[in-house]
Amino acid sequence: MTQALFREDATLLACDATVTGHGEGGVTLDRTVCYPLGGGQAGDTGWLVAGEHRWRVTDTRKSKEHPEAIVHLIEGEPPAVGAAVRVEVDAARRQAHRRFHTATHLLCALLPYPVDGCSITETYARLDFHTDEPFDKDAIQAGLDRLVAEAHPVGHRWISEEELDANPGLVRSMSVQPPRGLGRVRVLEIDGVDLQPCGGTHVTNTTEIGAVVVTKIEKKSAKTRRVVLGFAQPGPAA
């Protein structure tokens, strides 16, 4: 099992850890600040450091062989099992993910339709909405600008699986369901704006999103409308 420090604090960019295993193209650690690919969000990149040796982390994935373990894909020969390492996240990439992921929650608040596709990278974010309704690009842009500027606090809390079952409307995604089996589910809350299960990394206030622009709206099928976001300019420092 890997202790996922990013679940409680997405601003953490480094931690000390111990190598617990090799396999699946990388190494597992007892704890990490690296977010693994999932929920539409790309995995973190960064470095493992031990003394003068640095290994580039090219991606982070959930282990397919060991539940609750996180695999760090690295370049070169891996550090030995039991080795002490320093885990460092690529800060600029993480900040882009945090900004874009929070912005997609604002989109969900503006467009009250089920989500049937999502992708969050360091250069763009997109959401696919299950609807045949036309979208007004200017209205969506104005709504995003307003919600960013209103400085809504962003935080998370945990609810039981029973609480989630009692409130099925919290789940907006048709393609990605909250993980089950742990007894609790992480819920992302943008005060007064959005509340839904989410395990990704986010900013702590909507102003930290900075200037985002609706770069494209597409009709992907009879029942799918896609909204793509980009950055208008570099955002606040991590």
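Scroll up for the structure.
Calculation rules
As a convention, each chain's residues are numbered from 1 in the sequence order in which they are written. Reporting in this predicted model follows two pLDDT cut-offs: at least 70 for local features of residues, and 80 or more for side-chain atom pairs to be given and counted; totals over whole chains, interfaces and linings ignore these cut-offs and use all residues. Calculation of side-chain values draws on the structure's entire complement of heavy atoms; hydrogens and water are dropped beforehand. To qualify as a helix, a DSSP run of H or I must reach at least 4 residues; to qualify as a strand, a run of E must reach at least 2; elements of each kind are numbered from the N terminus. The length a helix should cover is 1.5 Å for every residue beyond the first. Using a 1.4 Å probe on the protein chains alone, a residue whose accessible area is under 20% of its type maximum counts as buried, one over 50% counts as exposed, and one in between counts as partly exposed. This arc is taken over the directions from the axis of the helix to the C-beta atoms. Contacts were defined at the residue level, with two residues in contact if any of their heavy atoms lie within 4.5 Å. Pairing of aromatic side chains here covers Phe, Tyr and the six-membered ring of Trp, requires ring centres within 6.5 Å, and sorts the geometry by plane angle: under 30 degrees stacked, over 60 edge-to-face, intermediate tilted. Only strands that DSSP links by at least two bridges are regarded as paired with each other. Angular values range over 0 to 180 degrees, each being the angle between N-to-C directions of two axes fitted as lines to C-alpha atoms, with helices fitted over their stretch in contact. For this analysis, a salt bridge means a side-chain nitrogen from Lys or Arg found within 4 Å of a carboxyl oxygen belonging to Asp or Glu. The criterion is simple. A nonpolar core is a set of buried Ala, Val, Leu, Ile, Met, Phe, Trp, Tyr and Cys residues joined through side-chain atoms within 4.5 Å.

## Points about helix α2 (residues 137-149)
Across its 13 residues, α2 extends 18 Å between first and last C-alpha, which sits within 8% of the 18 Å expected from 1.5 Å per residue. Turning to α2, its buried residues are I140, Q141, G143, L144, L147 and V148. On an axial view of α2, the arc spanned by its buried residues comes to 160°, and they lie on one face. Residues of α2 that are exposed and point over 90 degrees away from its buried face: D138 and A149. Tucked into the core, α2 has its buried residues touching α1 (91-110), β14 (212-221) and β15 (224-231).

## Focus on the packing of aromatic side chains
The description of two aromatic rings rests on the distance between their centres and on the angle between their planes. All chains considered together, the criterion is met by four aromatic pairs. Seen in terms of ring centroids, F6 and Y35 are 5.3 Å apart; in terms of plane orientation they differ by 75°. Their pairing is edge-to-face. Residue F6 is located in the loop between β1 (3-4) and β2 (14-23), and its partner Y35 is located in the loop between β4 (31-32) and β5 (46-50); the two are separated by 29 residues in the primary sequence. A single burial state applies to F6 and to Y35, both of which are buried. Centre to centre, the rings of F100 and F231 are 3.8 Å apart; their planes meet at 10°, and the pair counts as stacked.

## Focus on the sheet that holds strand β12 (residues 184-190)
Strand order in the open sheet formed by three strands is β11-β12-β13, with antiparallel pairing between adjacent strands. Every other strand in the sheet has two partners, leaving β11 (154-160) and β13 (194-197) as the edge strands with one partner each. The average angle at which neighbouring strand axes cross in this sheet is 25°, direction not considered. Bridge count between β12 and β13: four bridges; the pairing is antiparallel. Paired with I190 across the strands is D194, a residue of β13.

## Some details on the pairing of strand β10 (residues 125-130)
Where burial is concerned, most of β10 is hidden: five out of the six residues are buried. Hairpin remark: strand β9 (residues 115-120) followed by β10, antiparallel, with four residues in the connecting loop. Sheet topology note: the β10/β15 ladder contains six bridges and is antiparallel. Looking at β15, one finds that D128 is bridged to R226.

## A look at the pattern of salt bridges
According to the stated counting rule, one finds 13 salt bridges in the structure shown. One salt bridge connects D44 with R94, and the closest N-O pair in it is separated by 2.5 Å. Separated by 50 residues along the polypeptide, D44 in the loop between β4 and β5 and R94 in helix α1 bring together distant segments of the chain. R94 matches D44 in its accessibility class, with the two residues each being buried. Notably, a salt bridge pairs D132 with K223, separated by 3.6 Å at the nearest N-O pair. Of this pair, D132 sits in the loop between β10 and α2 while K223 sits in the loop between β14 and β15, placing them 91 residues apart in sequence. Where salt bridges share partners, they join R126, D128 and R226 into one cluster.

## Quick word on the nonpolar core
Ranked by internal contacts, the top residues of the largest apolar core, which has 27 residues, are L106, L107, F129, L144, V227 and L229. Mapped onto this core, the elements with two or more residues apiece are α1, β9, β10, α2, β12, β14 and β15. The dominant element in this core, judged by the number of residues it contributes, is α1, at five residues. Those residues in contact with L144 that sit more than four places away from it in its chain are A103, L106, L107, L110, V212, V214 and L229. The next biggest cluster of nonpolar side chains, apart from the first, holds 15 residues, and it includes A17, V19, W55 and V85.

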